[in-house]
Amino acid sequence: MQQVNTFSAPLALIYRLSLIALASLAFSACGGSSGEGSNSGGANSSTSSSSSSSSSSSSSSSSSSSSSTGGGAALVKPISVSGNQILFGGAVGSIAGPSLFWSNTGWGGEKYYTKEVVAWIKQNWNATLVRAAMGVDANGGYISDPANNKARVVEVVDAAIANNMYVIIDWHSHHAEDYQTEAIDFFTEMANAYGEYDNVIYEIYNEPLNASETGLSNNTAVWNDLIKPYAEDVIAAIRAIDPDNLIIVGTPSWSQDVDIASNNPITSSINIAYTLHFYAASHKASLRSKASTALDNNIALFATEWGTVTYTGDGDVDASSTDTWMSFFKTHGISHANWALNDKSEGASALAPGASASGNWSASDLTESGTLVKGIIESW
Ligand code: MG
């Protein structure tokens, strides 16, 4: 979503106070999993995927992970990439769940970064995935408030592991190349804490901008000269610690120009996928055409963020367009996370204003979008 949100000071203060204690607790756990869950968080493998010739057989997920960690860490299958397909335990499949809203202090969405919410969407929505969208440079994000933002992410990641779900750690920025040093430090810390857990997916750049906004000549240059060099450096830092977990790379024009990325893919590492974002009321056949081009060029796609409404995050739900997109994702084995598990008063929010930060939501706690999205995730 391209919209930036306003800052609310009182909430920021409340959360800063409450999360100081939380942060110290979470870090002492250091990625430890309780592993009590009994349900497998495995991928739905019922897709009729078209998988074109997977020439780059890069699926050698040297599965050293999950063997030494004990607990429930082995209960999700390791993810690997082979050609244009993302594999779960070596089988084609896809996963689905909600994305949390920006984690930024004081924006309102951060209250849902709780272990109770994660457990609820597993139990009640049948979610196999949750995305922690850690705000970076925008007001109240990681750059200005690292401890609280990181603590929110850690709580969600630990809860996802405990509930045998996959979790995306998202560097939620439109300007990640300006914060490459911070990204490398952050993902190094995350890889050290969580690299052994097959649950964890690294999303290193949410939505890069387009040529006119970056001052580059065209969107090919945005990919070749800006995003790709950033990604290769961050990937190298992660891979120095974690050899195999999935890494997802943003693409030009708010993660829509996957076709451009596919013309010059990253070859420095295995298990790389590329970000495709859509908003159903704004983006339709022409964006699916870009996705098809990228798949034909043999890169794997992951929709780390999509909405039922317009790209602004607001407007009416477009159920018909959403359905067309979900059929496309099923056909091609594309995993996805819906924007956003939040109660802000806008069309994309899944929750009605005031919905509890502990889950246990009734039908009336869900918006029109939330009701539609819960149904999609439940039956994915
Ligand atoms: Mg690993």
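### Looking at the overall build of the protein chain
Across its full length, the protein chain carries 11 helices and 11 strands. Across the 380 residues in the protein chain, those meeting the buried criterion constitute 60%. Sequence-distant contacts, at least 24 apart, represent 80% of the contacts inside the protein chain between residues at least 6 apart. Surface accessibility of the protein chain: about 12900 Å² in total, with carbon and sulfur atoms responsible for 51%.

### Quick notes on helix α9 (residues 285-296)
Here α9 contains 12 residues, and its C-alpha end-to-end distance of 16 Å stays within 8% of the 16 Å for a straight helix at 1.5 Å per residue. Within α9, the full set of buried residues consists of L287, R288, A291, A294 and L295. Viewed end-on, α9 has its buried residues packed into an arc of 115°, placing them on one side of the element. Every exposed residue of α9 that faces more than 90 degrees away from the buried side is listed here: A285, S286 and D296. Elements that come into contact with the buried residues of α9 comprise α8 (258-262), β9 (272-279), β10 (301-307) and α10 (319-332). Looking one or two places after α9, you find N298, whose phi comes out positive at around 75°.

### A few points about the coordination of the magnesium ion
In the first shell of the magnesium ion, the protein supplies G195 (O), D242 (OD), D244 (OD) and N245 (OD1), at 2.1 to 2.4 Å from the metal. On the primary sequence, the residues serving as donors to the magnesium ion are separated as G-x46-D-x1-D-N. Placement of G195 in the loop between α4 (180-194) and β7 (200-203) and of D244 in the loop between α6 (219-239) and β8 (247-249) is noted, with a sequence separation of 49 residues between them.

### Looking at the pattern of salt bridges
Using the criterion set out here, one finds 12 salt bridges in the structure. Across the salt bridge formed by D259 and K290, the nearest N and O atoms sit 3.4 Å from each other. Here the residue D259 occupies a position in helix α8, and K290 occupies one in helix α9, the gap between them amounting to 31 residues. The partly exposed category is assigned to K290, whose relative accessible area is 24%. For K344, the salt bridge goes to E346, with nearest N and O atoms at 3.4 Å. On the basis of relative accessible area, K344 is assigned to the partly exposed category, the value being 26%. Residues joined by salt bridges that share partners form a network here, namely R131, D170, E203 and E305.

### Focus on the sheet that holds strand β1 (residues 79-82)
Pairing is antiparallel in the open sheet, where three strands are placed in the order β1-β2-β3. Looking at the sheet topology across the chains shown, the edges are occupied by β1 and β3 (91-92). Across two bridges, strand β2 (residues 85-88) lies against β3 in antiparallel orientation. Bridge assignment links L87 to a residue of β3, and that residue is V92.

### Some remarks on the packing of α4 against α6
Their axes nearest at 8 Å, the elements α4 and α6 cross at an angle of 30°. Taken as axis vectors, α4 and α6 run roughly parallel relative to one another. Note that α4 runs across α6; the crossing there is right-handed. Listed contacts from α6 to Q180, A183, I184, F187, T188 and A191 of α4 are Y230, D233, V234, A237 and I238. Its residues assigned to classes, the contact of α4 with α6 comprises eight nonpolar, two polar and one charged.

Cut-off values and rules
- Residues numbered from 1 in each chain as written.
- Predicted model: local features only at pLDDT ≥ 70, side-chain atom pairs only at ≥ 80, totals over all residues.
- Heavy atoms only, no water.
- Helix = DSSP H or I, 4+ residues; strand = E, 2+ residues; numbered from the N terminus.
- Buried < 20%, exposed > 50% of the residue type's maximum accessible area, 1.4 Å probe, protein only.
- Contact = heavy atoms within 4.5 Å.
- Areas by Shrake-Rupley, 256 points an atom, 1.4 Å probe, with all protein chains shown as cover.
- Expected span 1.5 Å × (residues − 1).
- Arc of directions from axis to C-beta.
- Donors = N, O, S within 2.8 Å, 3.2 Å for Na, K, Ca; no water.
- Salt bridge = Lys/Arg side-chain N within 4 Å of Asp/Glu carboxyl O.
- Pairing = 2+ DSSP bridges.
- Axes fitted to C-alpha atoms, helices over the stretch in contact; angles between N-to-C directions.
- Parallel < 35°, antiparallel > 145°, perpendicular 65-115°, else oblique.
- Left-handed = near helix turned anticlockwise from the far one by under 90°.
- Nonpolar A, V, L, I, M, F, W, Y, C, P; charged D, E, K, R; others polar.

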